[in-house]
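Overview (structure and organization)
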Amino acid sequence: MRLFRSEEHVRQWSATSGIPVGAVFSLDALWRLAQPWFHNRLSSTWRRATMDEAHAIFEQAGLTGAFWRLDG
Amino acid sequence: MSDRAVTDLDASVRLTILNGFLDGRAPSVASVARDLGLGDNDIAAAFDRLAAGRAIVLEPSSRDILMAAPLAGVPTDFSVRLGDRSVYANCIWDAVGVPAMLAGAGRPMDATIATRCADCAAPLGLEVRDGRLTSADPDAVVHFAVPAARWWADIVFT
């Protein structure tokens, strides 16, 4: 889960490392993902998100498809 | 920890770990035991339960904390500056998660995140100010290599 200067750098990294390109998305989507995922992490009642809750957070951030299925 | 009960002790231990890192310390079984006024054995057992529930990740050969998401127990390529102190995060998602976590607790969330392009190692920076995430690198993108279903197969790589 890394940051790259551009999509071109992702492709270069993939070609060099031999690791296939996975999911590429914007910083806006990252921010929409991180806020609901971590907002209650300093609460004493925090628990891991259920699969359905996690899928809802991914979808809300615009991250959809097989890559984002925890039951895939 | 959806598949097991979270005890009050486990919750206290988890929060003591996170707040310890946020205070610039390196929490351990011994330090958490001191902070909570409990014995090492009770805290070690809580560490093990939290690790089994994936709330924290421990070094394989010890109970040293490798990860207490979103914070890292070891230096990483994801530094998050919060006022006059810095913490490490485990990945770019966790790095951005640090200010998100602080905001959720009603704490100041302004942060400066320093990392490097995973391809060319050029420094990349993100800023969280007034609840907005911005970057001086307008073309920067996030890449997740591992599909969600396999994140925990090798969480350090993920």
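Residues numbered from 1 in each chain as written. Chains lettered and ligands numbered in written order. Predicted model: local features only at pLDDT ≥ 70, side-chain atom pairs only at ≥ 80, totals over all residues. Heavy atoms only, no water.

1. With respect to the confidence of the model for chain B
For the record, the criterion: For every residue, the pLDDT score states the predictor's confidence, bounded by 0 at the bottom and 100 at the top. What makes two residues a contact is simply this: any of their non-hydrogen atoms within 4.5 Å.
Overall, the prediction assigns chain B a mean pLDDT of 92, with 92% of residues at 70 or greater. Confidence drops under a pLDDT of 50 for residues 1-5 of chain B, and excluding neighbours within four residues, the segment shows ten contacts in the predicted structure.

2. Here's the deal with the interface of chain A and chain B
The accessible area lost on association of the parts is a frequent measure of interface size. Just so we agree on the cut-off: When a carboxyl oxygen of Asp or Glu lies within 4 Å of a side-chain nitrogen of Lys or Arg, that pair is called a salt bridge. The definition of a polar contact used here is a pair of N or O atoms within 3.5 Å, where within protein one atom must be able to donate a hydrogen and the other to accept one, and adjacent residues in sequence count solely through side-chain atom pairs. Helix and strand definitions here come from DSSP, where helices need a minimum of 4 consecutive H or I residues and strands a minimum of 2 consecutive E residues; each element is numbered from the N-terminal end. The residue classification treats Ala, Val, Leu, Ile, Met, Phe, Trp, Tyr, Cys and Pro as nonpolar and Asp, Glu, Lys and Arg as charged. All others, Gly included, are polar. Paired strands are those between which DSSP finds at least two bridges.
Taken together, the contacts link 41 residues of chain A with 58 residues of chain B. Its salt-bridge partner being Arg2 of chain A, residue Asp77 of chain B comes within 3.2 Å of it at the nearest N-O pair. Connecting chain A to chain B are 17 residue pairs in polar contact (both at pLDDT 80 or more). Of all elements in the fold, only strand 1 (2-4), helix 1 (7-17), strand 2 (23-25) and helix 2 (27-38) of chain A reach the threshold of two or more residues within the side of chain A that touches chain B. With eight residues, helix 2 of chain A is the largest single contributor of residues to the side of chain A that touches chain B. For the side of chain A that touches chain B, the residue count by class is 24 nonpolar, ten polar and seven charged. Bridge count between strand 2 of chain A and strand 9 (residues 141-144) of chain B: three bridges; the pairing is antiparallel. When the bridges of strand 9 of chain B are listed, Ala23 of chain A appears paired with Phe144 of chain B.

3. Some points on helix 4 (residues 92-104) of chain B
Residue and element names in this part refer to chain B. Short version of the rule: Expected span, for any helix, means 1.5 Å times one less than how many residues it has. Across the chain, bend at a residue is computed as the angle between axes fitted to the seven residues ending at that point and the seven starting from it. To sort residues, take the accessible area from a 1.4 Å probe on protein chains only and compare it with the maximum for the residue type: under 20% means buried, over 50% means exposed, and anything in between is partly exposed.
Counted at 1.5 Å a residue, the expected span for helix 4 with its 13 residues is 18 Å, and the 19 Å between its end C-alpha atoms agrees. Considering bend angle alone, the principal kink of helix 4 is centred on Val98 and spans about 30 degrees; proline Pro99 follows within four residues of it. The buried fraction of helix 4 amounts to eleven of the 13 residues, a majority that puts the element mostly inside the structure. Within the sequence span of helix 4, burial applies to Ile92, Trp93, Asp94, Ala95, Val96, Gly97, Val98, Pro99, Ala100, Met101 and Leu102. Looking at the residues trailing helix 4, positive phi occurs at Gly106, about 75 degrees.

4. What to know about the packing of aromatic side chains
Rules: Stacked, edge-to-face and tilted are the three classes for Phe, Tyr and Trp ring pairs, Trp counted by its six-membered ring, which pair at centre distances within 6.5 Å; planes under 30 degrees apart are stacked, over 60 edge-to-face, the rest tilted.
By the definition in use, this model includes 14 aromatic pairs over all chains. Their ring planes at 20 degrees and their centres at 5.7 Å tell us that Trp37 of chain A and Phe58 of chain A sit as a pair that is stacked. A residue pair is termed long-range when its members are at least 10 positions apart, and Trp37 of chain A in helix 2 and Phe58 of chain A in helix 3 (residues 51-60) qualify at 21 residues. Joined through ring pairs, the aromatic side chains of Phe25, Trp37, Phe38, Phe58, Phe67 and Trp68 of chain A together with Trp93, Phe144 and Trp151 of chain B make up one cluster.

5. Focus: the sheet that holds strand 8 (residues 132-135) of chain B
Worth spelling out the cut-off: Lines fitted to C-alpha atoms define the axes, with helix axes restricted to the stretch in contact, and inter-axis angles between N-to-C directions lie between 0 and 180 degrees.
In spatial order, the strands read 5-4-6-7-8 (chain B); together these five strands make up an open sheet with antiparallel pairing. Pairing within the sheet leaves two strands with one partner each, and these edge strands are strand 5 (85-88) and strand 8 of chain B. Between one strand and the next, the sheet's axes are offset by a mean angle of 20 degrees, whatever the strand orientation. Sheet analysis places strand 6 (residues 111-116) of chain B next to strand 7 (residues 123-129) of chain B, joined by six bridges and oriented antiparallel. Across the sheet, Ile113 of chain B pairs through a bridge with Leu126 of chain B, a residue of strand 7 of chain B. Packed on one face of the sheet, helix 2 of chain A meets strand 7 and strand 8 of chain B and runs near 150 degrees to strand 8 of chain B.

6. Here's the deal with helix 3 of chain A
Residues and elements named next belong to chain A. Rule in force here: Our arc is simply the arc of the directions from the helix axis toward the C-beta atoms.
Three or more residues of helix 3 are buried, namely Ala54, His55, Ile57 and Phe58. All buried residues of helix 3 project into a common sector of 160 degrees when viewed along the axis, lining one side. Residues of helix 3 that are exposed and point more than 90 degrees away from the buried face comprise Asp52, Glu59 and Gln60. A positive phi of about 85 degrees marks Gly62, the residue just after helix 3.

7. Observations concerning the sheet that holds strand 3 (residues 71-72) of chain B
Residues and elements named next belong to chain B. Taken in spatial order, the three strands make up an open sheet running 1-2-3, and their pairing is antiparallel. Whereas interior strands pair on both sides, the edge strands pair on one side only; in this sheet they are strand 1 (57-58) and strand 3. The pairing of strand 2 (residues 65-68) with strand 3 spans two bridges and is classified as antiparallel. Bridge pairing in strand 3 links Ala68 to Leu71. Contacts between helix 1 (residues 8-22) and the sheet are confined to strand 2 and strand 3, with strand 2 contributing the most and set at about 100 degrees to the helix.

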